Amino acid sequence: MQHQPDAQAGWQDAQKLPGLPAPLDCETRAMLRLFLSPILEQSDSWAEISERLAVKGYSLTFREGHLVVLNDHGEGLCTGTDLGIPMARIAARIGRPCVKAHRGGHSGELRRAMN
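The sections below set out a description of the structure shown in this document.

1. Describing the environment of S43
Part 1 of the argument: Along the chain, S43 turns up in the loop between helix 2 (26-42) and helix 3 (46-55).
Part 2 of the argument: A C-alpha to C-alpha distance of 8.4 Å links S43 and I94, two positions 51 residues apart in sequence.
Part 3 of the argument: Excluding residues within four positions of it along the chain, S43 makes contact with P38, E48, I49, R52, R93 and I94.
Part 4 of the argument: At a separation of 2.7 Å, a polar atom in the side chain of S43 contacts the main-chain carbonyl oxygen of I39.
Part 5 of the argument: Within polar-contact distance, the side chain of S43 engages the side chain of R52 at 3.2 Å.

This is the structure in structure tokens:
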């Protein structure tokens, strides 16, 4: 595991941008990294990330240009950056997500594949 200064861990972003989850304490962040980082690092598509998060009781959304992991109540828990895996790094590996923007344009949902 790599140490990241607070600025790299998303603390400043979370405080400045409404709609993003509040900063995590270091213990919670460490536990979530152990539990969720493998999903973000090893999945081969955005759909697979979403499916694997759902199996663990989490979901995925996008707010203010950040990937946000939601808890089972739909509340923002953390960003990909909080987990040490920013959305840009995932996108460089598997491609950019196809996001359906909400009306205000500040958030959106992963677009599901059409059957």
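2. Here we look at the packing of aromatic side chains
Part 1 of the argument: Tallied over the entire structure, the rule returns 2 aromatic pairs.
Part 2 of the argument: Centre to centre, the rings of F35 and Y58 are 6.1 Å apart; their planes meet at 70°, and the pair counts as edge-to-face. Taken together, the positions of F35 in helix 2 and Y58 in the loop between helix 3 and strand 1 (59-63) put the pair 23 residues apart, joining distant regions of the chain.
Part 3 of the argument: When its relative accessible area of 17% is taken as the criterion, Y58 is described as buried.

3. Let's talk about the nonpolar core
Nonpolar side chains tend toward joint burial in soluble globular proteins.
Part 1 of the argument: L32, L36, W46, I49, L60 and L67 are the most contacted members of the largest nonpolar core, which totals 20 residues.
Part 2 of the argument: Every element with two or more residues in this core is listed here: helix 2, helix 3, strand 1, strand 2 (66-70), strand 3 (76-79) and helix 4 (87-94).
Part 3 of the argument: Ranked by residue count, the leading element in this core is helix 2, at 4 residues.
Part 4 of the argument: If we ignore the near neighbours within four places in the chain, the residues touching L36 are L53, K56, Y58, V69 and L83.

4. Observations concerning the sheet that holds strand 3
Part 1 of the argument: Spatially, 3-2-1-5-4 is the arrangement adopted by the 5 strands of the open sheet, whose pairing is antiparallel. Each having just a single partner strand, strand 3 and strand 4 (99-101) make up the two edges of the open sheet. With strand direction ignored, the average angle separating the axes of adjacent strands in the sheet is 35°.
Part 2 of the argument: Relative to strand 2, strand 1 runs antiparallel, the two sharing 5 bridges.

5. Details of unusual backbone geometry
Part 1 of the argument: Look at E64: it is not a glycine, yet its phi comes out positive at around 50°.
Part 2 of the argument: Secondary-structure assignment places E64 in the loop between strand 1 and strand 2.

6. A look at helix 2
Along an α-helix, residues three or four positions apart point the same way, because every turn accommodates 3.6 residues.
Part 1 of the argument: Here helix 2 is 17 residues long and its end C-alpha atoms lie 23 Å apart, about the 24 Å a rise of 1.5 Å per residue gives.
Part 2 of the argument: At L36, helix 2 shows its maximal bend, which comes to roughly 45°, and the proline P38 appears one to four places after that position.
Part 3 of the argument: With a side-chain oxygen lying 3.2 Å from the backbone nitrogen of E27, the N-terminal cap of helix 2 falls on D25.

7. Some words on helix 4
Part 1 of the argument: Among the residues of helix 4, those classed as buried are M87, I90 and A91. Looking straight down helix 4, one finds its buried side chains confined to an arc of 100°; they lie on one side. In this structure, helix 4 carries A88 and A92 as exposed residues pointing more than 90 degrees from its buried face.
Part 2 of the argument: Of the surrounding elements, those touching the buried residues of helix 4 are helix 2, helix 3, strand 1 and strand 2.
Part 3 of the argument: G95 sits one or two residues past helix 4 and shows a positive phi near 100°.

Cut-offs used in this document
Residues numbered from 1 in each chain as written. Predicted model: local features only at pLDDT ≥ 70, side-chain atom pairs only at ≥ 80, totals over all residues. Heavy atoms only, no water. Helix = DSSP H or I, 4+ residues; strand = E, 2+ residues; numbered from the N terminus. Contact = heavy atoms within 4.5 Å. Polar contact = N/O pair within 3.5 Å; in protein donor to acceptor, adjacent residues only side chain to side chain. Phe/Tyr/Trp six-rings, centres within 6.5 Å; stacked < 30°, edge-to-face > 60°. Buried < 20%, exposed > 50% of the residue type's maximum accessible area, 1.4 Å probe, protein only. Core = buried A, V, L, I, M, F, W, Y, C linked by side-chain atoms within 4.5 Å. Pairing = 2+ DSSP bridges. Axes fitted to C-alpha atoms, helices over the stretch in contact; angles between N-to-C directions. Expected span 1.5 Å × (residues − 1). Bend = angle between axes of the 7 residues up to and from the residue. Arc of directions from axis to C-beta.

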